[in-house]
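Architecture at a glance
Listed below, chain by chain, are the residues.
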Amino acid sequence: MKRTLRSLLLLSSLLLLTASCHGGKKTGGTSSTDMPQAGAYEQALLTVEDARLFSIENLEVGHRACVFTPSGDTLARYLLLPKEAAKEYTAAANEKVIIVPLQRMALLSDTFIGAAELLEAMEQVVATSDTSTLYNEVACSRARSGQLQGVSPAGITNAEQLVALSPDGIMMNYFEGSDHSLSLPASSQIPIIYNNDWQESTPLGRAEWIKFIGLLFGKGETASKIYQETKNRYEALRQKVLQQSESPAPRVLFGQAYKGVWYLPAEDSYVASFLRDAGATFKGSAVGAPGVPISFEQVFLDHAEDDVWLAWHSADIRSYNDFLKQDKRYSRFKPFKERCIWLNSKRVRGTANDYFEQGPYKPDVILGDLVYIFHPALMPSDFIPSYWQRLE
């Protein structure tokens, strides 16, 4: 009888998961069918507005979060429960129970660290990939004191070091076709939590992942507030750009060649969305193909007469002569000739760049920089860009 009852409960859980996570659809409703009654737990009621690669379902106690691939397949299902509730719940075969709030997180990306900083949750983080690439002082201070350790500074995770830190959760980017086991021991019970923010198609969609991270830290309401205020500022500026008609849309080239070939952002990428929202014209790579190499010759045909060049920061670039050392053919592009190249190097220290740390959660700030570059008359006369600066 007990075995039959347990089987029925398991089947019910699977059916509920299928309903709440199928096809990448997001929900902000409340469900309590399979959850214990609420105790002394502060519940955050969240909705997903702009992100398309994760969903949140508000349960009576805790939350169900699903992470998706760009094609809409469900990558992972997580039940985020307080400790007492987790004791009473038997996980289905295709879900992971995460006891929240997590107290010893391993965040294997500078971008995830940026979220923890904004949420004022760095005391709950014990590991990251490489402490030398951290920009903001809160994280750097913990690294100097040994409270935050880098476990993969060379790009390969030191599993022994990571396990020794006893993290209660590991967040990492998901790359299709890669090994995501981190070579952890087979006996390891440390949950691996996937983050797919980098594949979102809009800046707001990417920024909204702070809600998922916030729930893991027990700071869902704080995350929701941060996001809503950011979105309000972003949308206000985007509407200002849409309503103006005096300044024409400049044509933009983004990035630079790597070993003779280019990897332009895809037409449906968050970078392309940024440029459009800032009032620019951009011709990227084919939809859904950001990793497809494009020949230098083809990029020159498509972008030689562009008005503005937004290039990635490099420690070797401090002048136009330095820029030319990367590839002499750059001198043939109009933005080089007219000295209209900008780098995302305003908040850089050594190998650290805040553009990749807190920048993803501040799309309103980056949008302001881009509007200033493309349509300076729309910004205050005393405006100073935060992340992008003109190459001199």
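Note: the structure precedes this text.
This is a predicted model, so every value here is computed, not measured.

**Focus: the side chain of H303**
- Counting through the fold element by element, H303 comes out in helix α10 (residues 296–303).
- A distance of 3.1 Å separates the side chain of H303 from the backbone oxygen of K283, its partner in a polar contact.
- A distance of 2.5 Å separates the side chain of H303 from the side chain of D306, its partner in a polar contact.
- Contacts of H303, omitting those with residues within four sequence positions, involve V252, L253, L264, K283 and F333.

**Considerations on the nonpolar core**
- In terms of nonpolar packing, the biggest core is built from 89 residues, with F212, L275, L310, L370, F374 and W388 touching the most fellow members.
- With six residues, the single largest contributor to this core is helix α13 (residues 363–374).
- Not counting residues within four places of it along the chain, the set of residues in contact with W388 comprises F254, L310, A311, W342, L343, N344, K346, Y355, I366, D369, L370 and I373.
- With 18 residues, the next largest nonpolar core counts L253, V299, A311 and F333 among its residues.

**Let's talk about the packing of helix α8 (residues 220–243) against α13**
- With their axes 8 Å apart at the nearest point, α8 and α13 run at an angle of 25° to one another. In this view, α8 runs roughly parallel relative to α13, as classed from their interaxial angle. Relative to α13, α8 is oriented so that their crossing is left-handed. Each of T230, R233, Y234, L237, R238 and V241 in α8 lies in contact with α13, whose residues at this interface are P363, D364, L367, G368 and V371.

**Some details on the packing of helix α9 (residues 270–277) against α13**
- Packing of α9 against α13 brings their axes to within 9 Å, and their N-to-C directions diverge by 55°. Viewed along their axes, α9 and α13 adopt a mutual orientation that is oblique. When the axes of α9 and α13 are compared, the crossing they make is right-handed. Where α9 approaches α13, its residues F274, L275 and D277 are matched on the opposing element by P363, I366, L367, L370 and F374.
- The residue inventory of the contact of α9 with α13, partitioned by class, reads seven nonpolar, no polar and one charged.

**Notes on the pairing of strand β2 (residues 54–59)**
- For β2, the tally of buried residues reaches six of six residues, placing the bulk of the element in the interior.
- Every second residue of β2 is oriented toward a common face, with F54, I56 and N58 on one face and S55, E57 and L59 on the other, all of them buried.
- Here β2 pairs with strand β3 (residues 63–68) via five bridges, running antiparallel. Looking at β3, one finds that S55 is bridged to C66.
- Linking two consecutive strands that pair antiparallel, namely β2 and β3, is a turn of three residues; a positive phi of about 85° is found at G62 within it.

Rules used in this analysis
Residues numbered from 1 in each chain as written. Predicted model: local features only at pLDDT ≥ 70, side-chain atom pairs only at ≥ 80, totals over all residues. Heavy atoms only, no water. Helix = DSSP H or I, 4+ residues; strand = E, 2+ residues; numbered from the N terminus. Polar contact = N/O pair within 3.5 Å; in protein donor to acceptor, adjacent residues only side chain to side chain. Contact = heavy atoms within 4.5 Å. Core = buried A, V, L, I, M, F, W, Y, C linked by side-chain atoms within 4.5 Å. Buried < 20%, exposed > 50% of the residue type's maximum accessible area, 1.4 Å probe, protein only. Axes fitted to C-alpha atoms, helices over the stretch in contact; angles between N-to-C directions. Parallel < 35°, antiparallel > 145°, perpendicular 65-115°, else oblique. Left-handed = near helix turned anticlockwise from the far one by under 90°. Nonpolar A, V, L, I, M, F, W, Y, C, P; charged D, E, K, R; others polar. Pairing = 2+ DSSP bridges.

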